[in-house]
Amino acid sequence: MDRFTTKSFVYQLLFWTVYLTLWYFIFQVDAENHPAMLRILMICFGLGQIAQVNTTNYWLIPSLFYKKKYLLFALLVVSMSASWAQIAYWGINSLPGDIDQYTAAYNDWIDIFAPVTVISLFINAMVIAMRVSMDRYKSDRLTEQLVREKMATELKFLKAQINPHFLFNSINTVFHLIDQDAEESKRVLAKFSDILRYHLYQSADEMVPLNTEIDHMRNYLEMEELRRGDILEVDLKVADDIGYVEIAPLILLSFIENAFKHVSTSLQDKNWINVAISNRDGWLVLVIENTVDQAPKKAKHESVGGIGIANIRKRLEVIYGEDYSMSIADNQKTFRVELKIKII
């Protein structure tokens, strides 16, 4: 049997008190035609309706209807309504003789049985509709909550995989500069502190301002440029018409990190990374292109921070669903990624 909570009891008590009081006063207005005994009898019928409603709500629906025993459920509901109609007929016809003049119109069995049965069935139908609707609403709410919790767990797991590798690279950058330029290493260490703070605190947020993510990217780009020196050219272009946009943290940076990891290291040819961020008809567009060594590096490019582009795709799918697209082009000389995220 379904749980009858204190909260539901209070709600029912209030509802039925108002319901019975309403009927009592309806008969009170026409007191001459409805003596006290008849009014009391009508209230007793109302109490019978309460019994029917609770039987349907707390026993028949969970025990039969939700277990797809629809035929037995329907038979019991109809039988209960018909039985109550028969009791109503017996009750009215057992009233004292001095009020027979008020019930003369209901002396025939069908005059009482039919309307009471219809009313009872109507009330049961309302109860079924309300109960099923409320349970479906609660089920949908629970499902949404479980989905959100699952998504949050997945995102925490994916972020935990990304952060250690990024932080490891940043520490290496600072370590590399210490012996070369102490003052410069202090400045870079300050930037690394900002990066670390971003990873520890803001990356836990569901969304961050795009400007914050871009500032974080600039710090990372500058650190990598200092570490690699003149061997690498980096160009970052951010369109002026983007406006205020919020995105999931570390999404864009993952692709930046991938470009630095797999950019060419040629001593004869130019090594470069170009990054462009723009707004195209309500889509945030990130385009990253970098040179690659002539040796096939497809397998390497399928790895972002050692965890795979599949990880980044998973994060994008969890966060944005169908509101994103990503294309990858590798012509053996350059590697290009275009990411689009819907922002309107």
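As a starting point, this report considers the structure included with it. Keep in mind it's a predicted model, so treat the numbers as computed, not measured.

Definitions and limits used
- Residues numbered from 1 in each chain as written.
- Predicted model: local features only at pLDDT ≥ 70, side-chain atom pairs only at ≥ 80, totals over all residues.
- Heavy atoms only, no water.
- Axes fitted to C-alpha atoms, helices over the stretch in contact; angles between N-to-C directions.
- Helix = DSSP H or I, 4+ residues; strand = E, 2+ residues; numbered from the N terminus.
- Left-handed = near helix turned anticlockwise from the far one by under 90°.
- Contact = heavy atoms within 4.5 Å.
- Nonpolar A, V, L, I, M, F, W, Y, C, P; charged D, E, K, R; others polar.
- Polar contact = N/O pair within 3.5 Å; in protein donor to acceptor, adjacent residues only side chain to side chain.
- Expected span 1.5 Å × (residues − 1).
- Buried < 20%, exposed > 50% of the residue type's maximum accessible area, 1.4 Å probe, protein only.
- Core = buried A, V, L, I, M, F, W, Y, C linked by side-chain atoms within 4.5 Å.

## A word on the packing of helix α6 (residues 182-200) against helix α7 (residues 210-228)
Look at α6 against α7: their axes get within 10 Å of each other, and the N-to-C directions meet at 145 degrees. Here the hand of the crossing between α6 and α7 comes out left-handed. Side by side, α6 and α7 meet where Glu184, Arg187, Val188, Lys191, Phe192, Asp194, Ile195, Tyr198 and His199 of the first sit next to Thr212, Glu213, His216, Asn219, Tyr220, Glu222, Met223 and Leu226 of the second. Each residue belonging to the contact of α6 with α7 can be placed in one class, and the counts come to 7 nonpolar, 4 polar and 6 charged.

## Section: the side chain of Glu338
With respect to the helices and strands, Glu338 occurs in strand β7 (residues 334-342). Within polar-contact distance, the side chain of Glu338 engages the side chain of Arg336 at 3.2 Å. Ignoring any residue separated from it by four or fewer positions in sequence, one finds Glu338 in contact with Arg280, Val285, Leu286, Val287, Ser325, Met326 and Ser327.

## So, α7
Residues lying three or four places apart along an α-helix face the same way, a consequence of the helix completing one turn every 3.6 residues. Counted at 1.5 Å a residue, the expected span for α7 with its 19 residues is 27 Å, and the 27 Å between its end C-alpha atoms agrees. When α7 is considered as a whole, its buried residues turn out to be Leu210, Glu213, Ile214, His216, Met217, Asn219, Tyr220, Leu221, Met223 and Glu224. The first or second residue beyond α7 is Gly229, which carries a positive phi of 75 degrees.

## Description of the nonpolar core
Among the nonpolar cores identified, the biggest contains 39 residues, and Leu252, Phe255, Ile256, Leu316 and Leu339 are the most heavily contacted of them. At the level of elements, α7, β2 (233-238), α8 (251-262), β4 (272-280), β5 (283-291), α10 (309-320), β6 (324-330) and β7 are the ones that each hand at least two residues to this core. With 7 residues, α8 is the single largest residue contributor to this core. Contacts of Phe255, omitting those with residues within four sequence positions, involve Leu286, Ile288, Ile312, Met326, Val337 and Leu339. Of all hydrophobic cores here, the second largest spans 8 residues; its members include Leu64, Phe73, Val77 and Ile128.

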